[in-house]
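Structural description and commentary
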Amino acid sequence: MVLQIEDRGRVRVLRMNRPDALNAMNNDLFAALRDALVAAERDPGVAVVVLTGAGRAFCAGQDLTEMLASAGSGGEGDAHQFPSMLEVVAGFAKPLVAAVNGLGVGIGMTILAHCDLVLMADDARLRTPFPQLGLAPEAGSSFTFADRMGRQHAADVLFSGRWFDAAECLAMGLVWKVCAAERLDAETMAVAEQWAANPIPSLVATKRLMLDADRRDLAVAAHRREVAAYVDLIGAPANAEAVAAFLDKREPDFGSIAGL
Amino acid sequence: MVLQIEDRGRVRVLRMNRPDALNAMNNDLFAALRDALVAAERDPGVAVVVLTGAGRAFCAGQDLTEMLASAGSGGEGDAHQFPSMLEVVAGFAKPLVAAVNGLGVGIGMTILAHCDLVLMADDARLRTPFPQLGLAPEAGSSFTFADRMGRQHAADVLFSGRWFDAAECLAMGLVWKVCAAERLDAETMAVAEQWAANPIPSLVATKRLMLDADRRDLAVAAHRREVAAYVDLIGAPANAEAVAAFLDKREPDFGSIAGL
Amino acid sequence: MVLQIEDRGRVRVLRMNRPDALNAMNNDLFAALRDALVAAERDPGVAVVVLTGAGRAFCAGQDLTEMLASAGSGGEGDAHQFPSMLEVVAGFAKPLVAAVNGLGVGIGMTILAHCDLVLMADDARLRTPFPQLGLAPEAGSSFTFADRMGRQHAADVLFSGRWFDAAECLAMGLVWKVCAAERLDAETMAVAEQWAANPIPSLVATKRLMLDADRRDLAVAAHRREVAAYVDLIGAPANAEAVAAFLDKREPDFGSIAGL
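Given the structure is predicted, the values throughout are model-derived calculations rather than measurements.

Along its length, chain A carries 11 helices and 9 strands. For a compact globule of 260 residues, the expected C-alpha radius of gyration is about 18 Å, and chain A comes in at 17 Å, within 12% of that figure. Each principal axis of the C-alpha distribution contributes one length, and for chain A these read about 55 × 40 × 35 Å. Expressed as a percentage of the 260 residues in chain A, the buried residues total 57%. At a minimum sequence separation of 6, the contacts of chain A that also span at least 24 residues come to 78%.

Spelled out as structure tokens, the structure:
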């Protein structure tokens, strides 16, 4: 199973589970995550959902092999489960809490800006290497990052493509709380259970009101512009050169991971 | 008088004054506050308005008895002064500074997001127990809280309904400055007088420009959606159970206060 | 030359250079800055632009003599290069980094909210003395300041018109990093070069996506309202009295500077 699903009382935990690929997202995982979220929305016993990763990583990003293979098809062809997963995450009807373990890259970082709360292990780190790949932001991050962190931190993340440690992510406002790696699960469950103790109709009404007020139309419009930019950039000379250089410079430890 | 009005030079201080009810807002207080704000706007000698509370509290929230009594009438009937008070606060034409003493609950917390500056005593605390009551956000807070504090802190406040102390409120960005309780009045007057030393036409033009740029239409739209959610939730089984449980669990010290 | 232009690899440094006037902006400098930005956009060898000031100041604001002389012409007549400079800065197609040395006043502070990243010397300070001049915010700051710093800090800046030191500017979110004055150039170049190492098409696409998502229409609309307010206030009794009093109270060290 690429996604583990576990209920703890009224909290449902979704754990990305491709540990050998540092939970890089392929179409199977996109689809499994989307379907699990839809099921959690419909289950009257689920009050809050937690998203986390198995093993050494939260999520190492979109599978690079798949991404490059889809270059000719406009980036997001029929077979691609990314847009529908993103739509379900961004409009999820119940409180959604992320627990970031290990590392998050690309969609492993941009998905956080669609969650209601993000906790992060103190030894975890995040990056969006879009410029290193000769590409541009995705998943609405050209809007959501400035919305969550302010324009300057968003610029720092998106123009540099560098790694950010947990302390930086907290200071920038992308992350709500940093805790020791061994406390990440317990701290996440503490807040999830506190929220889940409240009546589900109130939680659902509150989430709906927050989504309706959250200028989601701007995030959706941003995503649409990002897809157009992606189609422009992918396969162009700057992209081809950048990808080759990036693959050459990959850190040895992650050398076998497509998404890095 | 449920509202004390005092001029200190060009600063007008409005002090909510139902101390035995911890300044819980009933229709009398809503109306008095609204009328006092309108009068301050029109008075050419008033440059800045300060809002604070008499006794042990800033404002213990909307009177629960009145709120439940109005359930059948759509929550905000003709007799209810809450919407017009909110409209006047949110569009107040001069700088408005809040000085939070003791505690703020419900509207005693949500009103702060419509003020230009919020100072808070170090021993004060705030909460919006909407989920505990089986209800949803009000006063535009489904928009304004994310606008002031970011989406994650807003989620923490609105999904948990728990108490927040002054240090948390400062860190979240809801509050501009925390000071010792005995210094709250002096610190508030210091900034109010500094602003009030400037020409009133400049202050009024600046406030108008900030309001026009502040996406107030989004706050108003949020409030409209909140009222619809309120009508859905009030009197439903989850609400009835939640209110009964909430009343049972009230802290003894506040046991006699409707708004808690 | 009122503007020095220097290329360091793929980073172009623009240095405002009217040191005897603390780099107060007159029409020559507005035009030179606008033209240099347009040229940098078009130059395929420029990846990132840095804006800073020569001598003791970043920019002492709009030339007060020119500003008052244009009062009868609606504030921004044909001869005035301010609006077109502002438009080019706000929509600049490549990453734009500001390095604030010494002091910034008026447009020397409001321009920062149109940059992607702001570094500031630890001994520098900023203010917008609009209320002291009997005027109202400009350059879109009635929108951008709340967008960058939150409504409360924006209110503090715009209603008080007081000086803010580097630590305050950092805490408020207007500034991304504060460094020792002698390190300002090196720290600014470090981040500019890090960004500039990425492919320019990616940087341009990223900036475009961020601008499109940045509710720039709201900043433009704010600027339009600000101009109308300016026309109302300039030359009115409150303005004339305020300017006279302000000029009387100018700090001796800056006594000869029109913009202060």
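On we go.
Attention now moves to the interface of chain B and chain A. On the chain A side, the residues contacting the 31 residues of chain B number 21 residues. The set of elements that each furnish at least two residues to the side of chain B that touches chain A consists of helix H5 (141-149), helix H6 (151-160), helix H10 (216-233) and helix H11 (237-249) of chain B. Per-element accounting of the side of chain B that touches chain A gives the leading share, 8 residues, to H6(B). Residue classes in the side of chain B that touches chain A are distributed as 18 nonpolar, 7 polar and 6 charged.

Within the largest apolar cluster, 261 residues are counted, with the highest numbers of intra-cluster contacts made by Val118(A), Val118(B) and Val118(C). Discounting residues that sit within four places of it in the chain, Val118(A) has contacts with Ala98(A), Val100(A), Leu112(A), Leu174(A), Val175(A), Trp176(A) and Gln152(B).

Contacts between the two partners involve 29 residues from chain C, matched on the other side by 21 residues from chain B. Those elements giving two or more residues to the side of chain C that touches chain B turn out to be helix H5 (141-149), helix H6 (151-160), helix H10 (216-233) and helix H11 (237-249) of chain C. Of the residues forming the side of chain C that touches chain B, the biggest block, 8 residues, is contributed by H6(C). Of the residues assigned to the side of chain C that touches chain B, the class counts are 18 nonpolar, 7 polar and 4 charged.

Moving on: the relation of the copies chain C and chain B. The transformation that overlays chain C on chain B combines an axial shift of 0.0 Å with a rotation of 120°, and the residual RMSD is 0.0 Å. The superposition of one copy onto the other is thereby described by a three-fold rotation axis. Across chain C, the rotation axis passes nearest the C-alpha of Asp147(C), at a separation of 5.3 Å.

The N-to-C vectors of helix H10 (residues 216-233) of chain A and helix H9 (residues 200-213) of chain C enclose an angle of 160°; their axes lie 10 Å apart at closest approach. In terms of axis orientation, H10(A) runs roughly antiparallel to H9(C). Crossing geometry of H10(A) relative to H9(C) is assigned as right-handed. Contacts between H10(A) and H9(C) involve Leu218(A), Ala222(A), Arg225(A), Glu226(A), Ala229(A) and Leu233(A) from the former and Pro201(C), Ser202(C), Ala205(C), Leu209(C), Asp212(C) and Ala213(C) from the latter. In terms of residue class, the contact of H10(A) with H9(C) is made up of 8 nonpolar, 1 polar and 3 charged.

What follows deals with the sheet that holds strand S5 (residues 103-105) of chain A. Each strand in a sheet pairs with its neighbour through backbone hydrogen bonds, running either in the same direction (parallel) or in the opposite one (antiparallel). With mixed pairing, 3 strands are arranged side by side in an open sheet as S5-S7-S8 (chain A). The sheet is open, and its two borders are formed by S5 and strand S8 (164-165) of chain A, each paired with just one other strand.

Okay, the environment of Ala54(B) next. Residue and element names in this part refer to chain B. As for its position among the elements, Ala54 is in the loop between strand S3 (48-53) and helix H2 (64-69). A C-alpha to C-alpha distance of 11 Å links Ala54 and Ala24, two positions 30 residues apart in sequence. Residues contacting Ala54, with those up to four places away along its chain left out, are Gln4, Arg15, Met16, Asn17, Pro19 and Asn23.

All names here are of chain C. Two elements in contact, H5 and H6, have axes whose closest approach is 7 Å; the angle formed by their N-to-C orientations is 130°. Judged on the interaxial angle alone, H6 and H5 are oblique. Here H5 runs over H6; the crossing is right-handed. Of H6, the residues touching H5 (which contributes Ser141, Phe145, Ala146 and Met149) are Arg151, His153, Ala154, Val157 and Leu158. Grouping the amino acids of the contact of H5 with H6 by side-chain chemistry returns 6 nonpolar, 2 polar and 1 charged.

Residues and elements named next belong to chain B. Spatially, the 6 strands line up as an open sheet ordered S1-S2-S3-S4-S6-S9, and their pairing is mixed. Two strands bound the open sheet, and with one partner strand each, they are strand S1 (3-8) and strand S9 (177-179). Taking the axes of each pair of neighbouring strands and ignoring which way they run, one obtains an average angle of 20° across the sheet. Looking at chain direction, S3 and strand S4 (residues 96-100) are connected through 3 bridges and run parallel. The partner of Leu51 across the bridge, within S4, is Ala98. With respect to the sheet, helix H1 (residues 27-42) is in contact with S1, strand S2 (11-16) and S3, its orientation differing from that of S1 by roughly 20°.

For H6(C), the buried fraction is high: 10 of the 10 residues fall into the buried class. Among all positions in H6(C), only Arg151(C), Gln152(C), His153(C), Ala154(C), Ala155(C), Asp156(C), Val157(C), Leu158(C), Phe159(C) and Ser160(C) are buried.

We now examine the confidence of the model for chain A. Residue and element names in this part refer to chain A. This prediction gives chain A a mean pLDDT of 90; 90% of its residues lie at or above 70. For the stretch residues 74-79, pLDDT sits under 50, and the model shows 11 contacts to residues farther than four places along the chain or on other chains. Complex prediction metrics read pTM 0.92 and ipTM 0.92.

Now for the environment of Pro131(B). Locating Pro131(B) in the fold gives a position in the loop between strand S7 (125-127) and H5. Along the backbone, Pro131(B) and Leu158(B) are 27 residues apart, and their C-alpha atoms lie at a distance of 7.5 Å.

Bringing the pairing of S3(B) into the picture now. Residues and elements named next belong to chain B. Counting buried positions along S3 yields 6 of 6 residues, so the element is predominantly enclosed. Neither face of S3 is exposed, since Val48, Val50 and Thr52 on one face and Val49, Leu51 and Gly53 on the opposite face are all buried. With 6 bridges joining them, S2 and S3 adopt parallel strand pairing. Directly across from Val11, in S3, lies its bridge partner Val48.

Residue and element names in this part refer to chain B. For strand S6 (residues 117-121), a buried count of 5 out of 5 residues is recorded, marking the element as mostly surrounded by other parts of the structure. Because side chains alternate across S6, one face comprises the buried residues Leu117, Leu119 and Ala121, and the other comprises Val118 and Met120, equally buried. Across 4 bridges, the pairing between S4 and S6 is parallel. Bridging across to S6, Val97 finds its partner in Leu117. Where S6 meets S9, 3 bridges bridge the pair, whose relative direction is parallel. From the neighbouring strand, Leu119 faces S9, where its bridge partner is Lys177.

Moving on, we come to the environment of Pro44(B). Residue and element names in this part refer to chain B. Note on placement: Pro44 falls in the loop between H1 and S3. Using a count of 6 C-beta atoms within 10 Å as the deciding quantity, one classes Pro44 as exposed. Separated by 157 residues in sequence, Pro44 and Pro201 have C-alpha atoms that sit 9.7 Å apart.

Thresholds, definitions, all that
- Residues numbered from 1 in each chain as written.
- Chains lettered and ligands numbered in written order.
- Predicted model: local features only at pLDDT ≥ 70, side-chain atom pairs only at ≥ 80, totals over all residues.
- Helix = DSSP H or I, 4+ residues; strand = E, 2+ residues; numbered from the N terminus.
- Rg over C-alpha atoms; globule rule 2.2 N^0.38 Å.
- Buried ≥ 20, exposed ≤ 12 C-beta atoms within 10 Å, placed from the backbone.
- Contact = placed C-beta atoms within 7 Å.
- Nonpolar A, V, L, I, M, F, W, Y, C, P; charged D, E, K, R; others polar.
- Core = buried A, V, L, I, M, F, W, Y, C linked by C-beta atoms within 7 Å.
- Least-squares fit on C-alpha atoms with pLDDT ≥ 70 in both.
- Axes fitted to C-alpha atoms, helices over the stretch in contact; angles between N-to-C directions.
- Parallel < 35°, antiparallel > 145°, perpendicular 65-115°, else oblique.
- Left-handed = near helix turned anticlockwise from the far one by under 90°.
- Pairing = 2+ DSSP bridges.
- pLDDT = per-residue confidence, 0-100.

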